[in-house]
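Overview (structure and organization)
The lines below spell out each chain.
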Amino acid sequence: MRIAVAADERTGIADAVVDELRRRGHDPLLHGALADDDRDDWAWCAEAAARDVVDGRADQAVVCCWTGTGASIAANKVAGVRAALCGDAQTAAGAREWNDANVLALSLRATSQAQLGEILDAWFQTGPSTDPDDAANIAHLGEIESRAT
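Presented here is an overview of the structure given in this document. Note that this is a predicted model, so its numbers are computed, not measured. (Residues numbered from 1 in each chain as written. Predicted model: local features only at pLDDT ≥ 70, side-chain atom pairs only at ≥ 80, totals over all residues. Heavy atoms only, no water.)

A few points about the packing of helix H1 (residues 14-23) against helix H5 (residues 113-125)
Basically, it comes down to this: Fitted lines through C-alpha atoms serve as axes, helices being fitted only where they are in contact, and the angles separating the N-to-C directions of these axes extend from 0 to 180 degrees. Segments assigned H or I by DSSP are reported as helices when at least four residues long, segments assigned E as strands when at least two residues long, and all are numbered from the N terminus. Reported orientations rely on four angle classes, namely roughly parallel under 35 degrees, roughly antiparallel over 145, roughly perpendicular from 65 to 115, and oblique for the rest. Should the near helix be turned anticlockwise from the far one by less than a right angle, the crossing is left-handed, and should it be turned clockwise, the crossing is right-handed. Whether two residues are in contact is decided by their heavy atoms: any pair within 4.5 Å suffices. In the scheme used here, Gly and all other residues not listed as nonpolar or charged are polar, with Ala, Val, Leu, Ile, Met, Phe, Trp, Tyr, Cys and Pro taken as nonpolar and Asp, Glu, Lys and Arg as charged.
For the pair H1 and H5, interaxial distance at closest approach is 11 Å and the crossing angle is 45 degrees. When the axis of H1 is compared with that of H5, the two are oblique. For the pair H1 and H5, the sense of crossing is right-handed. Across from Ala16, Val17, Glu20 and Leu21 in H1, the residues of H5 making contact are Gln113, Leu116, Leu120 and Phe124. Considering only residue class, the contact of H1 with H5 consists of six nonpolar, one polar and one charged.

Comments concerning the packing of aromatic side chains
Defined as follows: Put simply, two rings from Phe, Tyr or Trp (the six-membered ring, in Trp's case) pair if the centres are within 6.5 Å, and we call them stacked under 30 degrees between planes, edge-to-face over 60, tilted for the rest. Placement of a positive charge over a ring is assigned whenever Lys NZ or Arg CZ falls within 6 Å of the ring centre and within 35 degrees of the normal to the ring plane.
Summed over the entire model, instances satisfying the criterion amount to zero aromatic pairs. One Lys or Arg, Arg39, reaches over the ring of Trp44 and ends 3.4 Å from the middle of that ring. One cation-aromatic arrangement involves Arg96 over Trp123; the distance from NZ or CZ to the ring centre is 5.4 Å.

Some thoughts on helix H3 (residues 69-76)
Helical geometry: 3.6 residues make up each α-helical turn, so side chains three or four residues apart lie on a common side. Defined as follows: For every residue, the accessible area (1.4 Å probe, protein chains only) is compared with the maximum for its type, and the residue is labelled buried under 20%, exposed over 50%, or partly exposed between those bounds.
Taken together, the buried positions of H3 are occupied by Gly70, Ala71, Ser72, Ala74 and Ala75. Check the buried side of H3 and you find it contacts helix H2 (42-54), strand S3 (60-65), strand S4 (83-85) and strand S5 (103-107).

Honestly, that's just the spatial picture; any functional story needs more than this.
What follows is the structure, given as structure tokens:
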């Protein structure tokens, strides 16, 4: 799978995310501090990774900043993105299952190596729910998005 990855600095788990994705057989598309000559501010690099997803250059994305909050907010401003800030495996599994999240946001500060592995396991092992109520909620997100413009 092609995964866009953005980080605003190379600290904490920034490089570990890329290494772990490669180890799992994914093809990372790098942004921000992870790429040469790319703007590394959190809003710009998270937007770039999110646009890779909606424009079809990537299947999913992982966006990172110090807390993960700014990166998730920036990614969610891109129409069609459902970014989830996940600090543990249960939240990552729920984000994929109930929210059909397509962008994972992580804190560079608070995510440990062990948590990173657990979060990625849950993220990639969980797919969207087929429950009609869950599907209706995801469809409603698109309706909300279309009314916001």
